[in-house]
Amino acid sequence: MEKRPYRGRFAPSPTGALHFGSLVAAVGSYLDARANGGEWIVRIEDVDTTRCHPEFSAAILETLAAFGFEWDGPVVFQSQRTAYYEEAFSYLKRKGLVYGCACSRREIADSAIGIDGAHIYPGTCRNGLPPGRQPRAWRLVVPDREIVFEDAIQGVQRQNLAKDVGDFVLRRADGLFAYQLAVVADDIEQGINHVVRGADLLASTPRQIWLYECLDETPPHYAHLPLAVNAAGEKLSKQTRAAPVCAAEPLAPLVAAMRFLNLDPGKSECSLKELWNWAIMHWSVGNVPGKQAIESPDPTQQEKQHDR
Ligand code: GLU
């Protein structure tokens, strides 16, 4: 039995405005937290300062507020939390689990493609840098055994990090900390014990579980929501030109996001407050379809076509 109270979060990266796909993640994580009497925190994941923009952070927070999401405590920004990442990184270094890597992208390009479309790191620098080379990035040593966990929506998952990913980067060649380290250091520091997010991160979860183990911490419970994809099977995102959800008319996209998660309020002629109260009462993570992706017309696109 979990003794600590439920603490969940929504952790958007401000690389674009909130679109239907990210709204689904916000709705799923919010409903699961509130239905369990838990807290729900918003963390802006702007650790990769080369891809994130403050105007998107502001727009995302405005949209969440307009949609009636109520978060606990102040919003935290990864760009202001480097000290936590430094601390976790030093801890892992002291344990001898981190090594400097001199390989350029080109030097890894011959290696097989791994679980998330990147090259599996062949371990070239694991036992020391080749003579005359300087470290560029810093990698975490991974074990050659299966990491197994049970996802509340997707069921039992298994991954062998050595075979499917290789030693992965914690600190990049440009000095920035990688997403994998930042997300785990933050979830530990913020006491997050339930992670509800999109299934695009399912393949990252074993890396994160391994990080918890290396940091001598307990991983959270995981629930990975199906992703909204277009007819070509692509995730709705800025790259696939998903339209931002419209903060002025929150009800229709909220109802669409709930229906996507198999929670159908029937009609949308009600107040935001009534909709949320109904949804919190009727939410069950067990009703979410156990699929990694569901083709879904982007409701915002449909509205746009309708307006034309
Ligand atoms: N920042 C990540 C994203 O927007 C989510 C990270 C997470 O939920 O762990 O895709």
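About the cut-offs
Residues numbered from 1 in each chain as written. Predicted model: local features only at pLDDT ≥ 70, side-chain atom pairs only at ≥ 80, totals over all residues. Heavy atoms only, no water. Helix = DSSP H or I, 4+ residues; strand = E, 2+ residues; numbered from the N terminus. Rg over C-alpha atoms; globule rule 2.2 N^0.38 Å. Buried < 20%, exposed > 50% of the residue type's maximum accessible area, 1.4 Å probe, protein only. Contact = heavy atoms within 4.5 Å. Areas by Shrake-Rupley, 256 points an atom, 1.4 Å probe, with all protein chains shown as cover. Lys, Arg positive; Asp, Glu negative; His and termini not counted. Charge placed at Lys NZ, Arg CZ, Asp CG, Glu CD. Near = heavy atom within 4 Å. Polar contact = N/O pair within 3.5 Å; in protein donor to acceptor, adjacent residues only side chain to side chain. Nonpolar A, V, L, I, M, F, W, Y, C, P; charged D, E, K, R; others polar. Salt bridge = Lys/Arg side-chain N within 4 Å of Asp/Glu carboxyl O. Phe/Tyr/Trp six-rings, centres within 6.5 Å; stacked < 30°, edge-to-face > 60°. Pairing = 2+ DSSP bridges. Axes fitted to C-alpha atoms, helices over the stretch in contact; angles between N-to-C directions. Core = buried A, V, L, I, M, F, W, Y, C linked by side-chain atoms within 4.5 Å.

### With respect to the overall build of the protein chain
So, step 1. The helix and strand tally for the protein chain stands at ten helices and twelve strands.
So, step 2. Against the 2.2 N^0.38 benchmark of 19 Å for 308 residues, the protein chain shows a C-alpha radius of gyration of 20 Å, consistent with a compact globule.
So, step 3. Projected onto the principal axes, the alpha-carbon positions of the protein chain cover approximately 70 × 50 × 35 Å.
So, step 4. Burial analysis of the protein chain (308 residues in total) assigns 49% to the buried set.
So, step 5. Nonlocal contacts in the protein chain, meaning residues at least 24 apart in sequence, comprise 76% of its contacts between residues at least 6 apart.
So, step 6. Element-wise, carbon and sulfur atoms account for 50% of the exposed surface of the protein chain, whose accessible area totals about 14,800 Å².
So, step 7. Looking at the protein chain, you have 33 positive and 38 negative side-chain charges, and the mean spots of the two groups are 5 Å apart.

### Topic: the site of the ligand
So, step 1. Close to the ligand lie Arg 9, Ala 11, Pro 12, Ser 13, Glu 45, Tyr 179, Val 183, Arg 197 and Leu 201.
So, step 2. In this structure, a nitrogen atom belonging to the ligand sits 2.7 Å away from a main-chain N or O atom of Ala 11.
So, step 3. Here the ligand loses 81% of its free accessible area of 300 Å² to cover by the protein chains.
So, step 4. Partitioning the shell around the ligand into residue classes produces five nonpolar, one polar and three charged.

### A few points about the pattern of salt bridges
So, step 1. Within the structure shown, the criterion is met by 21 salt bridges.
So, step 2. For Arg 259, the salt bridge is made with Asp 264, and the minimal N-O distance between the two is 2.8 Å.
So, step 3. The class of Asp 264 is partly exposed, set by a relative accessible area of 45%.
So, step 4. Through salt bridges with shared partners, a single network forms among Arg 9, Arg 43, Glu 45, Arg 81, Asp 186, Asp 187 and Glu 189.

### Some details on the packing of aromatic side chains
So, step 1. Under the counting rule described, the total for this entry stands at eleven aromatic pairs.
So, step 2. Centre to centre, the rings of Phe 89 and Trp 138 are 6.3 Å apart; their planes meet at 85°, and the pair counts as edge-to-face. Of this pair, Phe 89 sits in helix H3 (residues 82–94) while Trp 138 sits in strand E5 (residues 137–140), placing them 49 residues apart in sequence.
So, step 3. Residue class for Phe 89 comes out buried when judged on its relative accessible area of 3%.
So, step 4. With centroids separated by 5.6 Å and ring planes inclined at 70°, the aromatic side chains of Phe 89 and Phe 177 adopt a geometry described as edge-to-face.

### So, the environment of Asn 262
So, step 1. Structurally, Asn 262 can be placed in the loop between helix H8 (251–260) and helix H9 (272–282).
So, step 2. Given the relative accessible area of 47%, Asn 262 is considered partly exposed.
So, step 3. The residues touching Asn 262, leaving out its near neighbours within four places in the chain, are Asn 287 and Pro 289.

### Let's talk about the sheet that holds strand E3 (residues 76–77)
So, step 1. Pairing in this open sheet of three strands is parallel, and the strands run E1-E2-E3 from one edge to the other. The strands lining the two open edges of the sheet, one partner per strand, are strand E1 (7–10) and E3.
So, step 2. Two strands pair when backbone bridges link them, and E1 and strand E2 (residues 39–44) are joined in this way by four bridges, in the parallel orientation. Its bridge partner lying in E2, Arg 9 is registered against Ile 41.
So, step 3. Seen against the sheet, helix H1 (residues 20–35) touches E1 and E2 and runs at an angle of roughly 150° to E2.
So, step 4. In this fold helix H2 (residues 54–66) packs onto E1, E2 and E3, with an angle of close to 155° to the strand it touches most, E2.

### So, the nonpolar core
So, step 1. Residues Leu 23, Val 27, Leu 64 and Phe 69 are the most contacted members of the largest nonpolar core, which totals 42 residues.
So, step 2. Listing elements by their share of this core, those giving two or more residues are H1, E2, H2, strand E10 (221–225), H8 and H9.
So, step 3. The dominant element in this core, judged by the number of residues it contributes, is H1, at nine residues.
So, step 4. Excluding anything up to four places from it in sequence, Leu 64 contacts Phe 10, Leu 18, Ala 26, Val 42, Phe 69 and Trp 71.
So, step 5. With 32 residues, the next largest nonpolar core counts Phe 149, Leu 161, Leu 202 and Ile 209 among its residues.

### Describing the environment of Trp 138
So, step 1. A residue is classified by how much of its surface remains accessible, and Trp 138, at 23% relative accessible area, is partly exposed.
So, step 2. Along the primary structure Trp 138 and Pro 289 are separated by 151 residues, whereas in three dimensions their C-alpha atoms are 38 Å apart.
So, step 3. Apart from residues lying up to four places away in sequence, Trp 138 is in contact with Phe 89, Lys 93, Val 98, Tyr 99, Gly 100, Phe 168, Val 169, Leu 170 and Arg 171.

### A short note on the pairing of strand E6 (residues 146–151)
For a regular strand, the rule is simple: side chains alternate between the two faces of the sheet.
So, step 1. In E6, alternate side chains face the same way, and those of Ile 147, Phe 149 and Asp 151 are buried while those of Glu 146, Val 148 and Glu 150 on the opposite face are not.
So, step 2. Hairpin connection from E6 to strand E7 (residues 155–160): three residues lie between these consecutive antiparallel strands.

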